[in-house]
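Here's the letter readout for the chains.
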There are 2 protein chains.
Amino acid sequence: MPKRAAPSRRRSTYHHGNLPRALVDAALRLVETQGAEALTLRGAARLAGVSQAAPYRHFTDKQALLAAVAEEGFRTMTRAMRRASAPHAADPLGRFRAQGLAYIEFATAHPAHYRVMFGRAMADKSAYPSLQAASAETFGLLVEALRDCQKAGLVRPGDSEELALCAWSAVHGLSSLAVDGQLVQMGGRGMDALVHAVTSNIFFGLGPR
Amino acid sequence: MPKRAAPSRRRSTYHHGNLPRALVDAALRLVETQGAEALTLRGAARLAGVSQAAPYRHFTDKQALLAAVAEEGFRTMTRAMRRASAPHAADPLGRFRAQGLAYIEFATAHPAHYRVMFGRAMADKSAYPSLQAASAETFGLLVEALRDCQKAGLVRPGDSEELALCAWSAVHGLSSLAVDGQLVQMGGRGMDALVHAVTSNIFFGLGPR
DNA sequence: CATTAGATGTTGACCCTGTCAACACTAAAG
DNA sequence: CTTTAGTGTTGACAGGGTCAACATCTAATG
């Protein structure tokens, strides 16, 4: 008989076994399937098969659970960006671009999760150091890749972080617009075309020639 | 004695006079002073001096009130962009840039309002045609200015809307990052420097030369 | 001008949510 | 085996969105 095993359906033991994990999973499931607003502490508890107040033993409040979900998002995203850029080991520009594409792809594939990560609720990450670290790592990837581009003479010299921010803004802006449904005004144009336009423009700019 | 005058402090008449207007004003005040999450239908009603259920005579639900607030935001923003670009009548590039700056300035000056305008809640504008129109007008300004730049040979030829989107993404991305507090990782750099970097990059790109 | 239908505001209620205090059960340390 | 800290439960409170039933007013109709 399993004493403290995986978070199964109905708990036979009084203790859950791994409630924090189960709550984050449940929260993520709710976010992904019904949107970030649908995430409710009670709902997550329900999904995890515990009472409404149980989450408070592991998360000081709803925001703390949100932060855990956001952190997981950053880690997943970072992993995806790493995976996408791996094939371009010898090509800094290719790597940089692949990371940007992976970023946008994550956003459009997991819009609700993306919103949790970048939304207002997570504005002040100071209370969640590991979340802060995870988000910093994601941005760090971009900065690193951009620095390599500069070394190879593929990107103009200058403050790497500032230049990375320029790219990040464009990529994040497009992702946000897409995720928040602001691109209807772009008519029939497919997302792929828009992604291509924006990412290309990061390098070439709007100017002539 | 005033029968149906301006929305004054305490209503002496049974009818309010102009409750929809008063509710939008109240809602906007709540959003600006305490953030979008603090906007409550009951709170707005309280501020307007009516009962909790009164708003339902004018707005089908909370989202409809939000939509009105968002619409007002788009109109204000459009006005600001127009005002900012007016001095550059003869200089398309200056006009385009001034609009972008006004956009960012609105966002940073009214973060909560900005979030209402572009947040998830307003993703589906199809139910609010006038909101859709207001937001389309804002984007239209950018497209128009960019088209003028193209005519003057200041921006490379191509699909104007697509190119405008490139600029919009960058500007919106920076605004969103700022508004959602994601720029702490940019260290001490002042917002002005970041704005300059991003808007310049829209034209020149990251590439060398 | 009196009547009356429709618009507008109010009350009271329902259910849901975040959160807490008081209590119960369990596992591990002594 | 007992103690104790950790973990889960129950019950409650305040606040929010929303609705139905009711009250009041305005304006158009006759």
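Residues numbered from 1 in each chain as written. Chains lettered and ligands numbered in written order. Predicted model: local features only at pLDDT ≥ 70, side-chain atom pairs only at ≥ 80, totals over all residues.

**Student:** For this particular structure, what's the right way to read the overall build of chain A?
**Tutor:** When you go through chain A residue by residue, the secondary structure sums to eight helices and zero strands. Going from the N terminus to the C terminus, chain A shows its helices and strands as α-α-α-α-α-α-α-α. Across its three principal directions, the C-alpha atoms of chain A cover 70 × 40 × 30 Å. In chain A, the share of contacts with a sequence separation of at least 24, taken over all contacts with a separation of at least 6, comes to 61%. (Helix = DSSP H or I, 4+ residues; strand = E, 2+ residues; numbered from the N terminus. Contact = placed C-beta atoms within 7 Å.)

**Student:** Would you explain the interface of chain B and chain A in this entry?
**Tutor:** One frequent convention defines the size of an interface as the accessible area lost when the parts assemble. Contact residues are listed per partner, giving 43 residues for chain B and 43 residues for chain A. When contributions to the side of chain B that touches chain A are tallied by element, the ones reaching two or more residues are α5 (111-118), α6 (129-151), α7 (160-179) and α8 (191-204) of chain B. Looking at which element gives the most residues to the side of chain B that touches chain A, the answer is α7 of chain B, with 14 residues. In terms of residue class, the side of chain B that touches chain A is made up of 23 nonpolar, 12 polar and eight charged. (Nonpolar A, V, L, I, M, F, W, Y, C, P; charged D, E, K, R; others polar.)

**Student:** I would appreciate a short explanation of the nonpolar core in the present structure.
**Tutor:** It is characteristic of soluble globular proteins that their nonpolar side chains tend to be buried jointly. Core analysis: the biggest nonpolar cluster contains 131 residues, and Ala27, Ala44 and Ala167 of chain A together with Ala27, Ala44, Val69 and Ala167 of chain B have the highest contact counts within it. If we ignore the near neighbours within four places in the chain, the residues touching Val69 of chain B are Val24, Ala27, Leu28, Val31 and Val116 of chain B. (Core = buried A, V, L, I, M, F, W, Y, C linked by C-beta atoms within 7 Å. Buried ≥ 20, exposed ≤ 12 C-beta atoms within 10 Å, placed from the backbone.)

**Student:** Quick question: what am I supposed to make of the relation of the copies chain B and chain A here?
**Tutor:** Turning one copy of the chain about an axis and sliding it along that axis gives the other copy, so a rotation and a shift relate them. Under the fitted operation, chain B is carried onto chain A by 0.0 Å of movement along the axis and a turn of 180 degrees, and the coordinates agree to an RMSD of 0.1 Å. Both chain copies can therefore be described as sitting about a two-fold axis. Interface residue correspondence from chain B to chain A reaches 100%, placing this contact among same-surface, isologous pairings. (Least-squares fit on C-alpha atoms with pLDDT ≥ 70 in both.)

**Student:** What am I meant to see in the environment of Ala44 of chain B here?
**Tutor:** All names here are of chain B. Position of Ala44 relative to the elements: it lies in helix α2 (residues 41-48). The class for Ala44 is buried, based on 27 C-beta atoms found within 10 Å. For the pair Ala44 and Gln150, spaced 106 residues apart in sequence, the C-alpha separation works out to 46 Å. Apart from residues no more than four positions distant in its own chain, Ala44 is found in contact with Leu23, Ala26, Ala27, Leu30, Leu39, Pro55 and Leu65.

**Student:** Would you mind going over the packing of helix α7 (residues 160-179) of chain A against α7 of chain B with me for this structure?
**Tutor:** For any two helices packed against each other, one specifies the crossing angle of their axes together with the interaxial distance. As a packed pair, α7 of chain A and α7 of chain B sit with axes 7 Å apart at the nearest point and diverge in direction by 90 degrees. With respect to each other, α7 of chain A and α7 of chain B are oriented roughly perpendicular. Judged by residue contacts, Ser169, Ala170, Val171, His172, Gly173, Leu174, Ser176 and Leu177 of chain A of α7 of chain A engage Ser169, Ala170, Val171, His172, Gly173, Leu174, Ser176 and Leu177 of chain B from α7 of chain B. Looking at the contact of α7 of chain A with α7 of chain B residue by residue, the classes come out as eight nonpolar, eight polar and no charged. (Axes fitted to C-alpha atoms, helices over the stretch in contact; angles between N-to-C directions. Parallel < 35°, antiparallel > 145°, perpendicular 65-115°, else oblique.)

**Student:** Can you help me understand the confidence of the model for chain A in this one?
**Tutor:** For chain A, per-residue confidence averages 93 on the pLDDT scale, and residues scoring 70 or more make up 94% of the total. Here residues 1-9 of chain A is modelled with pLDDT under 50, and outside its nearest four sequence neighbours on either side it reaches 10 contacts, counting other chains as well. (pLDDT = per-residue confidence, 0-100.)

**Student:** Just to check I follow, could you spell out α7 of chain A for this structure?
**Tutor:** Helical geometry note: an α-helix holds 3.6 residues per turn, so side chains three or four residues apart project in the same direction. Residue and element names in this part refer to chain A. Between its terminal C-alpha atoms α7 stretches 28 Å, which fits the 28 Å expected from 20 residues at 1.5 Å a residue. Of all 20 residues that make up α7, 18 are buried, and the element is covered over most of its length. Just beyond α7, the residue with positive phi is Gly181, at close to 70 degrees. (Expected span 1.5 Å × (residues − 1).)

**Student:** Even after reading the chapter, I still don't get the environment of Gly205 of chain B, so can you show me in this structure?
**Tutor:** Locating Gly205 of chain B in the fold gives a position in the segment after α8. Counting along the chain gives 147 residues from Gly205 of chain B to His58 of chain B, while the straight-line C-alpha distance between them is 48 Å. In this structure Gly205 of chain B touches Asn201, Ile202, Phe203, Phe204 and Gly205 of chain A, once residues within four positions along its chain are discounted.

**Student:** What exactly am I supposed to notice about helix α1 (residues 19-34) of chain A here?
**Tutor:** Residue and element names in this part refer to chain A. Here α1 spans 22 Å end to end across 16 residues, near enough to the 22 Å set by a 1.5 Å rise per residue. Those residues of α1 lying buried are Leu19, Ala22, Leu23, Ala26, Ala27, Leu28, Leu30 and Val31. Of the surrounding elements, those touching the buried residues of α1 are α2 (41-48), α3 (62-85) and α5 (111-118). Just beyond α1, the residue with positive phi is Gly35, at close to 90 degrees.

**Student:** Explain the packing of α7 of chain A against α8 of chain B here, please?
**Tutor:** Two numbers describe how α7 of chain A lies on α8 of chain B: the axes approach to 9 Å, and their chain directions differ by 65 degrees. Considering the relative orientation of α7 of chain A and α8 of chain B, their crossing is right-handed. Contacts between α7 of chain A and α8 of chain B involve Glu162, Leu165, Cys166 and Ser169 of chain A from the first element and Leu194, Ala197, Val198 and Asn201 of chain B from the second. For the contact of α7 of chain A with α8 of chain B, the residue count by class is five nonpolar, two polar and one charged. (Left-handed = near helix turned anticlockwise from the far one by under 90°.)

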